[in-house]
Amino acid sequence: MTKSTHKSMNQQQIDNIHWSENVIIADADYIDRVAFDLIVNFERMLDRRIPAADMSRWAMDIALDGGLREGDHETQIVLLHDKGKGKLQNFAPADYGKELNGKAFRDERLGEFIVNTIAAGDGTNDKDGIIMDILGIILGHKEVRRIMIVPDSEQTNIWQTLTTTLNRVDDEEKHITLFAMQPMPGGNFRQQILGYSLMNAMGITQKEIDKKIR
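The paragraphs below set out a description of the structure included in this document. (Residues numbered from 1 in each chain as written. Predicted model: local features only at pLDDT ≥ 70, side-chain atom pairs only at ≥ 80, totals over all residues. Heavy atoms only, no water.)

### Considering the overall build of the protein
Item 1. Counting its secondary structure elements, the protein contains 7 helices and 10 strands.
Item 2. For 214 residues, the compact-globule estimate of 2.2 N^0.38 gives 17 Å, and the protein sits close to it at 17 Å.
Item 3. Counting only residues that meet the buried cut, the protein has 50% of its 214 residues in that class.
Item 4. Partitioning the intrachain contacts of the protein with sequence separation of at least 6 by distance along the chain shows that 75% fall at a separation of at least 24.
Item 5. For the protein, the distance from the average position of its 26 positive side-chain charges to the average position of its 33 negative side-chain charges is 4 Å. (Helix = DSSP H or I, 4+ residues; strand = E, 2+ residues; numbered from the N terminus. Rg over C-alpha atoms; globule rule 2.2 N^0.38 Å. Buried < 20%, exposed > 50% of the residue type's maximum accessible area, 1.4 Å probe, protein only. Contact = heavy atoms within 4.5 Å. Lys, Arg positive; Asp, Glu negative; His and termini not counted. Charge placed at Lys NZ, Arg CZ, Asp CG, Glu CD.)

### Notes on the packing of aromatic side chains
Item 1. Enumeration according to the criterion identifies 3 aromatic pairs in this entry.
Item 2. Measuring from ring centre to ring centre gives 4.9 Å for phenylalanine 105 and phenylalanine 113, while their planes differ by 5°; the resulting arrangement is stacked.
Item 3. A relative accessible area of 10% places phenylalanine 105 in the buried class.
Item 4. Judged by its relative accessible area of 0%, phenylalanine 113 falls in the buried class. (Phe/Tyr/Trp six-rings, centres within 6.5 Å; stacked < 30°, edge-to-face > 60°.)

Here you go:
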């Protein structure tokens, strides 16, 4: 990843951020925990070392699962994490301050991805509140057309809160996709399984799994 010229993002800057057409909002502690569980399970199943998830690859897969197609796009990635955690344990690059916040990478097919990190309080509820604050802002920005959200739907009731909020959103104006590890109660949005993007970012293929199961 290279240094982005875009403004770094924190809680005080949310209102002033230049929002892209595509926005990914993720609870970084949650995706890190899921990545750890997948690494443990697949190392046992496949009998090999599973590397940390490639952050760039994962972000591109989330964008594709969210409906992004080839073109010179701009996509913002917002990673929320507990303020006491300085880096991810199961992704690379991992350090929020040194390697992720304010950095960007470009993909030949999908365009530029800009990474911003926000340190929340020490609990999931704080991150949930920030997710809802950001969502409330970008729903009002016409330039934001595609929103992808990865909440921690396993430990809080944010999924229900998101469902209630998004039921009032015009599907023609915003293309919204929520990610979870299993199908969740529906709403006015699309759903995708989070595990697929993480597996791909770790180099785990269905062909390898099928071969091992046989």
